[in-house]
Number of protein chains: 2
Amino acid sequence: MSDFFTVVHAQRACRDFAPTGLDDDVIARVLDAATFAPSAENRQPWVFVVVRDAARRAQLHDLAQRAWDAGGRDFAAGRLSAGLLADVEHGIAGGGYRAAPVVIVVAADTKRCHPATIPASIFPAVQNLCLAAQASGLGSALTTITTTFAAELATLVDLPDTVVAQAVVPLGYPARPLGPPRREGFAGHTHRDRFGVPW
Amino acid sequence: MSDFFTVVHAQRACRDFAPTGLDDDVIARVLDAATFAPSAENRQPWVFVVVRDAARRAQLHDLAQRAWDAGGRDFAAGRLSAGLLADVEHGIAGGGYRAAPVVIVVAADTKRCHPATIPASIFPAVQNLCLAAQASGLGSALTTITTTFAAELATLVDLPDTVVAQAVVPLGYPARPLGPPRREGFAGHTHRDRFGVPW
């Protein structure tokens with residue numbers, strides 16, 4: 001049993017994985033939780049491609065690294081703290097994500113949903129997936145950089161034209177315990193009745 | 001203490017609220033949980049406008065109803081089961097959402113994040129918010145229909161041009177206990193290594 005708020009408060013992007021494999025039933029529990037997220041019209045347009053195959057995983061990581069080298073790093077370098085930039089660099093380019101035994105490509109089936117509803121119908125499921133990973137002692141990371149090379153990503157996992165990748169989530173046991181997430185307090189982001197009135 | 005997986009498996013859109021008010025500390029707990037979601041570059045671009053004022057809440061519901069009447073209902077009518085259509089109709093047009101004592105407009109601060117990263121940076125927080133509501137005995141619903149009238153919605157809660165509404169979440173105690181959510185099994189949505197290979 002995992003306390004809900006303890007799980008929520010501990011979630012943090014994992015960028016360094018142990019090579020320990022994952023049983024199907026652990027993955028199933030995480031994906032089952034993902035499907036309990038809401039979706040517009042309850043259309044459940046989520047598609048999960050669970051990649052274990054080492055060669056295909058390497059191709060996914062190569063593609064992420066190409067996206068990082070093609071502009072991701074430069075874009076991030078002007079925006080992130082040195083520590084966070086080093087963490088992200090390590091995950092994408094330093095082998096951190098590559099050690100994860102499983103990579104899940106999460107996509108939207110556009111035959112099941114109106115394109116405008118994709119974000120509100122897919123990212124809640126991705127978040128459930130990441131929280132369920134946390135509750136199961138696993139690490140995960142919500143990444144989207146690989147989706148900027150959409151055609152190559154689709155080819156890598158054989159997505160048909162009607163299925164559009166939204167996120168790529170490495171999954172596995174953390175190489176080491178993760179510290180607490182760094183967050184600003186909610187009150188600074190919250191307004192009362194109208195924008196500009198402090199909470 | 002709420003078990004994580006029990007909360008996840010019980011989440012369901014609430015479309016009929018009791019008028020019972022909510023204390024600030026209950027709202028704070030839910031919003032605090034929202035801010036522990038991941039966001040691209042840890043930018044935390046979420047903005048929450050917590051609307052309690054009855055007149056402003058009524059205006060938000062009027063706007064949702066206008067969006068429903070302007071095309072939402074016709075679009076949904078050809079797609080939803082009769083039961084789900086009646087539920088949604090009741091929530092938007094039948095007064096179900098109007099009884100909620102609090103409506104939270106969730107927006108993205110585009111000065112804090114690249115526009116392309118908004119969905120992956122906002123909807124995980126919205127999902128945390130809805131799950132935390134469930135864990136607290138509250139009902140909620142992830143709605144986006146009001147955002148189709150973006151300019152009017154921004155005016156209603158004084159959003160500046162740089163802050164873009166993404167979702168509107170009614171929050172309160174359910175008028176009656178909700179049944180379990182209806183979901184297809186995850187396996188039918190899951191593929192092994194590449195699309196088309198069954199889990």
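Here's the deal with the interface of chain B and chain A
Size of an interface: often given as the accessible area lost when the parts come together. Each partner contributes to the interface: chain B provides 71 residues, whereas chain A provides 71 residues. A combined buried area of about 6800 Å² lies between chain B and chain A, and 60% of that area is made up of carbon and sulfur atoms. By the criterion of area lost to chain A, the three top residues of chain B are B:Phe36, B:Arg183 and B:Asp193, representing 11% of everything that side buries. The interface formed by chain B and chain A contains eight salt bridges. Salt-bridge contacts for B:Asp24 lead to A:Arg192; the nearest nitrogen and oxygen are separated by 2.7 Å. Where chain B packs against chain A, one counts 50 residue pairs in polar contact (both at pLDDT 80 or more). Elements with a contribution of two residues or more to the side of chain B that touches chain A: helix H1 (4–10), helix H2 (24–34), strand S1 (46–51), helix H3 (54–77), helix H5 (118–135) and strand S5 (190–192) of chain B. Considering each element in turn, the side of chain B that touches chain A owes the most residues, nine residues, to H5(B).

Some thoughts on empty space enclosed by the protein
Counted under the stated rule, the structure contains two cavities of 30 Å³ or more. If you add up the space inside the largest cavity, you get close to 130 Å³. Contributing to the lining of the largest cavity are 13 residues, with B:His61, B:Ala64, B:Tyr97, B:Thr146 and B:Val168 lying nearest its centre. Counting only elements with at least two residues in the lining of the largest cavity, the list comes to H3, helix H4 (82–93) and strand S4 (163–172) of chain B. The residue inventory of the lining of the largest cavity, partitioned by class, reads eight nonpolar, four polar and one charged. Its boundaries defined by the atoms lining it, the second largest cavity holds a volume of some 80 Å³. Lining of the second largest cavity is provided by A:Leu60, A:His61, A:Ala64, A:Ile92, A:Tyr97, A:Val103, A:Thr143, A:Ile145, A:Thr146, A:Val168 and A:Pro170. Secondary structure elements with two or more residues in the lining of the second largest cavity: helix H3 (54–77) and strand S4 (163–172) of chain A. In terms of residues, the lining of the second largest cavity owes the most to one element, H3(A), which gives three residues.

Points about the environment of B:Arg29
As for its position among the elements, B:Arg29 is in helix H2. C-alpha of B:Arg29 to C-alpha of B:Ala132: the two residues are 103 residues apart in sequence and 7.7 Å apart in space. In this structure B:Arg29 touches A:Phe5 and B:Ser136, once residues within four positions along its chain are discounted.

Quick word on the sheet that holds strand S1 (residues 46–51) of chain A
Within a sheet, each strand pairs with its neighbour through backbone hydrogen bonds, oriented either parallel or antiparallel. Spatially, the five strands line up as an open sheet ordered S3(A)-S4(A)-S2(A)-S1(A)-S5(B), and their pairing is mixed. This sheet does not close on itself; its edge strands, each paired only once, are strand S3 (139–140) of chain A together with S5 of chain B. Pairing geometry for S3(A) and S4(A), over two bridges, is antiparallel. Counterpart to A:Gly139 in the pairing with S4(A) is A:Gly172. Seen against the sheet, helix H2 (residues 24–34) of chain A touches S1 and strand S2 (102–109) of chain A together with S5 of chain B and runs at an angle of roughly 160° to S1(A). Relative to the sheet, helix H5 (residues 118–135) of chain A contacts S1, S2, S3 and S4 of chain A, its axis offset from that of S4(A) by approximately 10°.

Here is what the cut-offs are and how they apply
- Residues numbered from 1 in each chain as written.
- Chains lettered and ligands numbered in written order.
- Predicted model: local features only at pLDDT ≥ 70, side-chain atom pairs only at ≥ 80, totals over all residues.
- Heavy atoms only, no water.
- Contact = heavy atoms within 4.5 Å.
- Buried area = accessible area lost by both parts, 1.4 Å probe.
- Salt bridge = Lys/Arg side-chain N within 4 Å of Asp/Glu carboxyl O.
- Polar contact = N/O pair within 3.5 Å; in protein donor to acceptor, adjacent residues only side chain to side chain.
- Helix = DSSP H or I, 4+ residues; strand = E, 2+ residues; numbered from the N terminus.
- 1 Å grid on protein atoms, 1.4 Å probe; cavity = no way out; pocket = protein on both sides within 12 Å on 5 of 7 lines; lining within 4 Å.
- Points joined across faces, edges and corners; volume = space filled by probe spheres on them.
- Nonpolar A, V, L, I, M, F, W, Y, C, P; charged D, E, K, R; others polar.
- Pairing = 2+ DSSP bridges.
- Axes fitted to C-alpha atoms, helices over the stretch in contact; angles between N-to-C directions.

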